[in-house]
Amino acid sequence: MTTPVLSLKGASVRYGDLTAVDGVSIDLHVGETLGLVGESGCGKSSIARAISGLAPLSAGSYLVESEDVAVKRRSNRRFLSDRVQLLFQDPVASLSPRLTVGALLAEPLKIRKTFDSESWAATIALLQDMGLGEQFLSRYPHQLSGGQARRVALARVLTARPKIIVADEPTAGLDVSIQGDMLNLLRALRDKLGLSYLFISHNLNVVGRVTERVAIMYLGQIVETGKTGLLFQSPAHPYTQALLSSNLTIDPQRRRERIILKGELPSPRRPPSGCRFHQRCPVARDICATLQPRLETREDGRAVACHFPLTGGTQAMTG
Ligand code: SF4
């Protein structure tokens, strides 16, 4: 296995007394798309903020290209933004309404002092690759469709020539056909530019289409991670199974019985004792309320945090 381009090791993010991310480890490899999935409030957006440098880690470490980001940023403020860019969830809100598309694309190049005829020609070429001709340069964000605004936001992010893009719900709110175009574009750009993506979404259909690996989060922790196909075919963690069963269209060939989770997502301010999922888990036993399961790697390469993992949709242990 190659050295990861990005690694979080035991990373935590705290906001006051709330631990939004609690001891998460993630590796992202060159050219890979890793999905990060979970309900709202599970901590996935806090991971996006930490990786983009918008939220400091309260514990753990963060490496990009094997360099400690916290150390490198002391001497080079642009160390992170030269390598990692965040693609915002709401692109129109991230684009200043008073600037034309041309000005929006020139602005980050000027700020980085990389604006010249060569970088501008490359930006125009990129825009054209995305199906937006030069006539778009004089338009304002409100004159763009949702799909066009997302392309402009993506082109703007790419002016920094990053290695890693953190895409937070990049297709939310788009029609299914435009969503498909956007996913194809992201994949084509990844292959052409050698990018790696951390792809954050609660839409399992989208995650199933674009990611090679996936990490499932629950209440600030990763509960299962591994190859997307394997997890989607035979989830080992009861929470992964419940998420997949709530989204039947993900695998129309394989009818899953829908598992309705009991109760609401507990508050991360007061996470439950033992396994954080125990109050909602359909197969919880006594030990689950007191002993927290560790994320352990199994023979098939995935890692699962559960005392009684499932195999192929059935429970492995009976005693
Ligand atoms: Fe369910 Fe227990 Fe596994 Fe937690 S450890 S997911 S409560 S079976």
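Heads up: the structure comes first, above all this text.
Presented here is a report on the structure given in the accompanying data block. (Residues numbered from 1 in each chain as written. Predicted model: local features only at pLDDT ≥ 70, side-chain atom pairs only at ≥ 80, totals over all residues. Heavy atoms only, no water.)

### Things to note about the side chain of threonine 19
Rule in force here: By the criteria applied, helices consist of DSSP H or I runs no shorter than four residues and strands consist of E runs no shorter than two, each listed in order from the N terminus. Polar contact is defined as a pair of N or O atoms within 3.5 Å, subject to the rule that within protein one atom must be able to donate a hydrogen and the other to accept it, and that residues adjacent in sequence are counted only when both atoms are side-chain atoms. Contact definition: two residues touch when any of their heavy atoms are within 4.5 Å.
By the secondary structure assignment, threonine 19 is in strand S2 (residues 18–28). Polar side-chain contacts of threonine 19 include one of 3.0 Å to the side chain of arginine 14. Beyond its immediate chain neighbours, meaning those up to four positions away, threonine 19 contacts Val13, Arg14 and Pro268.

### Remarks on helix H6 (residues 146–158)
Note that an α-helix has 3.6 residues per turn; residues three or four places apart therefore point the same way. Condition: By this rule, a helix spans an expected 1.5 Å times one less than how many residues it contains. Each residue is assigned to one of three classes by its accessible area relative to the maximum for its type, calculated with a 1.4 Å probe on protein chains only: buried under 20%, partly exposed between the two thresholds, exposed over 50%.
The end-to-end C-alpha distance of H6 is 18 Å, a good match for the 18 Å that 13 residues give at a rise of 1.5 Å each. Most of H6 is tucked away: 10 of the 13 residues are buried. All buried positions along H6 are accounted for by Gly147, Ala149, Arg150, Arg151, Val152, Ala153, Leu154, Ala155, Val157 and Leu158.

### Overview of the pairing of strand S8 (residues 196–201)
Along a regular strand, successive side chains alternate from one face of the sheet to the other. Short version of the rule: Pairing between two strands requires that DSSP report at least two bridges joining them.
Among the six residues of S8, six are classified as buried, and the element is accordingly described as predominantly covered. Burial along S8 is two-sided: Ser196, Leu198 and Ile200 and Tyr197, Phe199 and Ser201, pointing in opposite directions, are all buried. In terms of strand pairing, strand S3 (residues 33–37) meets S8 through five bridges, oriented parallel. Residue pairing for S8: leucine 34 is matched across the bridge by leucine 198. Two strands pair when backbone bridges link them, and strand S7 (residues 164–168) and S8 are joined in this way by five bridges, in the parallel orientation. Across the sheet, the residue bridging to isoleucine 164 is serine 196, located in S8.

### Examining the side chain of arginine 280
Assignment of secondary structure puts arginine 280 in the loop between helix H10 (238–245) and strand S11 (296–297). On the accessibility criterion, arginine 280 (6% relative accessible area) is buried. At a separation of 3.1 Å, a polar atom in the side chain of arginine 280 contacts the side chain of tyrosine 218. Dropping the residues within four chain positions of it, arginine 280 is found in contact with Glu39, Tyr218, Leu261, Lys262, Gly263, Glu264, Leu265 and Pro266.

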